[in-house]
Structure formats: C-alpha cells, structure tokens
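Residues per chain are reported as follows:
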Amino acid sequence: MTYFNSVLILGTGPTAIQLAVNFKSHLNSKVAIAGRESIRSKIFFETIVQHQLALQVSIQNTQHQSVAGECTIDGLFKGYHTIYGNWDTVVLSVTSDSYITVLEQIDNKVLREVNCFILISPTFGSSHLITNFLKNLSTHAEVISFSTYYGDTRWLDDIPSNKVMTTGVKKTLYIGSTNSKSERLDELCILFNCLGIQLTKFTSPLEAETRNISLYVHPPLFMNDFSLQVIFDEPKTPKYVYKLYPEGPITYTTIRHMLNYWKEVMTVVNDFNIQPLNLLKFMVDDNYSLHPASIDRKDIENFNNLESIHQEYLLYIRYASLLIDPYSKPDREGKYYDFSAVPLKRIFINHNREWDIPRMPKEDYYRVKIIQGVAKALNLKSPTLDYFVQTYEAKLQQVVASSENKAYSDAFQVKSFSQDIELICKELISSKYPK
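Residues numbered from 1 in each chain as written. Predicted model: local features only at pLDDT ≥ 70, side-chain atom pairs only at ≥ 80, totals over all residues. Heavy atoms only, no water.

Going by an unreviewed UniProt entry, the chain carries the name DUF2338 domain-containing protein and comes from Lysinibacillus fusiformis.

If you want it as structure tokens, here you go:
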C-alpha cells in the first residue's frame, strides 16, 4: 500500500522529470505532469508526446545511481486548466512565487479531491500560503514542505525534452508537515532513503522552510551594487558569485550584511518558537564541507554565541577556504579545482523575445519581499533586509528608465507580492494565536 497512488506533478522543468521517475519507479504511482502553455513548454510537451510519454533520468556520478531511471508516465496536461481526474497527491515543482497563480488555474473540483500537497522548493511561509488558499476550497489537505529540491538536475542537451541529467544529489534534506503524525512523511522518508538521501523530520513545514541555504546567502551575494552591475550591465570581464572582490562580490561589507540579515531572519523565526539556525554549521555540515584545518570545530558549534566581529571573521574564512575545492586532487602545478568559479549570469532574451532576469536574483526578490512583509506584520525591524530590497528595486527602475525601446518581462517590475504576504501573515498569526 502507498499513500501516493496517483501523483500529479505541476511544472515542466527538469525537476518534474526527476520526480516523475522517482515516484513511478519506486512507488509504482500513477503519475501525470501538467504545465502552463508557453513557447518554452511547447518544446517540452511536443518531445514527450513524440516519445509516447517516456522519460529518462541519467546521472553524472556513479554514486547517484539510485536517482537514475526510466519510466512512462500516465498523463500529460498542456495547460493547468485542462487537468481532470482524481489525484491524491499534487507536487508543486514550480517556483514558490507562482504557487497561487498555478493553483488558481486548476478546476476546484480537482483540488478538493487532493489529500496532500507537496512543496519541492518552497520559501519561508509557503506552506502557510497554500494552507490559507485551501481554506477557501473547504479542504483540509495535508501540506508537506521540503527544505529545498534534493539535487541539481538539468536538461540533457540544454534543451527542454524528455531527458534530464542529475549532476548532484544532497545527502540530507529537511521536511515538515501540517499533520503532526503524518504517515505520508514516513513513507517519503523510506522513499528518499532508497534514493540515498536522509530526510530529517521537523514538527512543522515552516521549520523545514527555514533550512534552505539560498534563503541566507543569495540576497547578500546578489542584491549588492557589484553583482547587480554585472547582471544588468555589460561587464568588461566575467565575475563570479563566490569569489572575493574584485573577482566577485565578497567583501567584509558583504559578509557583514550576510550576518546581519541572518540575525534579522532569526528574529522573525524566533517569534514562532522555531529553533534558531547556526548559519556557519549549516554551511559546513549541510552544504559544502571545509577542511578541518580551516576553522576550528569549537568555533563552528559555538557560532551563535560568538561576538559579531568573530562571526564575520569566520564567515569570511569560510568563503576564502572554498575558493578552491579543498578535497580535490591538485594538478601537476599544484592547483586545486576552482570551486568558486560560478559565473554571475546576465540578463537574457527569453522565448518571448523579452529581456528577462536570471533565476538568481529573480527568485530571491520574492524570498526577501515575503520575509520583509512578515517582519513588518510582526513590527520587527529589518534594516539589512530593507537595504537589499531597496538596492534591487532601484536597479530595476534604473534599467527600465534608461532603455525605453527594449521589451522587458514582468520580472523588471517592482512588485509588492501583497496578496501572498497577506495570506501568509493571516495563517502565521492564526497559528501563533489560535482561537
């Protein structure tokens, strides 16, 4: 028996194919994929139909063999409004800022039959957003949040198709449910154990949503003058996300902003009695390991109790220590793998022939606006967070004002996300002060 007899995956990115193969191969679920109609998704739909709904996941590293596989899905919906049938589980494999927009396009009759909604890449408050939305449908479906997606999956030939490659898989993820005694959560833990991934259960989805490293490092690394100039203007030379200035954005000021921003988020988190995150330990133990010689273990464990200047020092050392992969083998000249050489991506022309913004910082904009909105609702000060928002929005306005003859996507618009913030805050406050 499985709680995931019929699984509907929303989204047409590489992640959707990886998820479909896992559910189909390991749980023998009935699986369908649905997505919005667009120029980009047209290629996706046509290719899958051409291959008679067959999907394939390949891997780059042999140790990730457990996530590879092939399957034939049971359905494909071109446009969310075309979805029909009974689905016990809906998996949202779309960006967190589009959750409500996507669900609003699905027939209410379909949504009312769903017993569980799984959020693959949520942000802070996403589960509360979905919970509040479902109340209007008079449904009390379970909502499960992952801390983040469990791998790095991309199109096999950089073109949307029925084939993807997963190049990396996380060892540990965090997960939480609105059902305190969720048997679905237990089954997901077994499934992911088969995939070689440990799921750590939290008492709430909100707590799992606070365990996403992007939430803490992306805003300071992308929402600063240096990075924004590279992203939106024509750089003379390539620049890199994780390098020290002048090759990248990391300066002592960037690190100070990162630290202060983390503290502001922890103030918000603390208001909901969630265990504070040890930022340095999370970076080292859950993301990229440091060589033990770089930072003393006692400093890592005791990070939250240190003075700010000591915390800044340790964060700077952490990034300096990962300029190269400390566990790679040096070449004949003694050079290690250039671990930090992740280019800052520039704005680009999308499939609609409009200028568009890369996923980073476009998705990060939504993240920080949501937290900013929650902080304001709680009457908490967040000057660093406010600075990120102001810096980013000022750049958007400057770019659009200086190039009137260009076509821009709506990503260049200054947004309030007021509807999502209102729904999240309603649910957060009601859960904090139950009647």
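Resuming the write-up.
Comments concerning the domain arrangement of the chain
The extent of an interface is frequently quoted as the accessible surface area lost upon association of the parts. By the assigned domains, the chain splits into domain 1 (4-208) and domain 2 (212-430). Each of domain 1 and domain 2 has a C-alpha centre, and the two are 25 Å apart. Both faces considered, domain 1 and domain 2 share a buried interface measuring about 2100 Å² in area, 65% of it formed by carbon and sulfur atoms. In this structure, the connection of domain 1 to domain 2 is made through one salt bridge. Notably, a salt bridge pairs Lys135 with Glu427, separated by 3.1 Å at the nearest N-O pair. Here domain 1 is connected to domain 2 by four residue pairs in polar contact (both at pLDDT 80 or more). For the side of domain 1 that touches domain 2, the secondary structure elements donating two or more residues are helix 2 (39-50), helix 5 (126-135), strand 11 (172-177) and helix 7 (205-209). Looking at the side of domain 1 that touches domain 2 element by element, the count peaks at five residues for helix 5. (Domains from an automatic or database assignment. Buried area = accessible area lost by both parts, 1.4 Å probe. Salt bridge = Lys/Arg side-chain N within 4 Å of Asp/Glu carboxyl O. Polar contact = N/O pair within 3.5 Å; in protein donor to acceptor, adjacent residues only side chain to side chain. Helix = DSSP H or I, 4+ residues; strand = E, 2+ residues; numbered from the N terminus.)

Notes on the sheet that holds strand 8 (residues 142-146)
If you trace the eight strands from one edge of the open sheet to the other, you get 5-2-1-6-7-8-11-12, paired in mixed fashion. Of all the strands in the sheet, the pair left with one neighbour each is strand 5 (75-78) and strand 12 (198-202). Here the average twist between neighbouring strands, direction ignored, is 20°. Across the face of the sheet, helix 1 (residues 14-27) comes into contact with strand 1 (6-10), strand 2 (30-35), strand 6 (89-92) and strand 7 (116-119) while running at roughly 170° to strand 2. Packing against the sheet, helix 6 (residues 183-194) makes contact with strand 7, strand 8, strand 11 and strand 12, and its axis sits at approximately 160° to strand 12. (Pairing = 2+ DSSP bridges. Axes fitted to C-alpha atoms, helices over the stretch in contact; angles between N-to-C directions. Contact = heavy atoms within 4.5 Å.)

A word on the packing of aromatic side chains
Counting across every chain of the model gives 22 aromatic pairs. A ring pair is formed by Phe77 and Tyr84, whose centres lie 5.4 Å apart and whose planes are at 85°; its orientation type is edge-to-face. For Phe77, a relative accessible area of 7% puts it in the buried group. Measuring from centroid to centroid gives 5.2 Å for Phe146 and Phe192, while their planes differ by 45°, and the two rings are tilted. One end of the pair, Phe146, is in strand 8; the other, Phe192, is in helix 6, and 46 residues separate them in sequence. For the residue pair Phe146 and Phe192, the accessibility class agrees, reading buried in each case. One aromatic cluster in this structure is built from Phe232, Tyr365, Tyr366, Tyr392, Tyr408, Phe412 and Phe417. Positioned above the aromatic ring of Tyr319, the side-chain terminus of Arg318 is 4.8 Å from the ring centre. (Phe/Tyr/Trp six-rings, centres within 6.5 Å; stacked < 30°, edge-to-face > 60°. Buried < 20%, exposed > 50% of the residue type's maximum accessible area, 1.4 Å probe, protein only. Lys NZ or Arg CZ within 6 Å of the ring centre and 35° of its normal.)

So, the side chain of Ser177
Along the chain, the position of Ser177 falls in strand 11. Using a relative accessible area of 4% as the deciding quantity, one classes Ser177 as buried. A polar contact of 2.6 Å, which involves the side chain of Ser177, links it to the side chain of Glu142. Here Asn179 takes part through its backbone nitrogen, which lies 2.9 Å from a polar atom of the side chain of Ser177. Beyond its immediate stretch of four places on either side in the chain, Ser177 contacts Glu142, Val143, Ile144, Ser182, Leu185, Thr203, Ser204 and Pro205.

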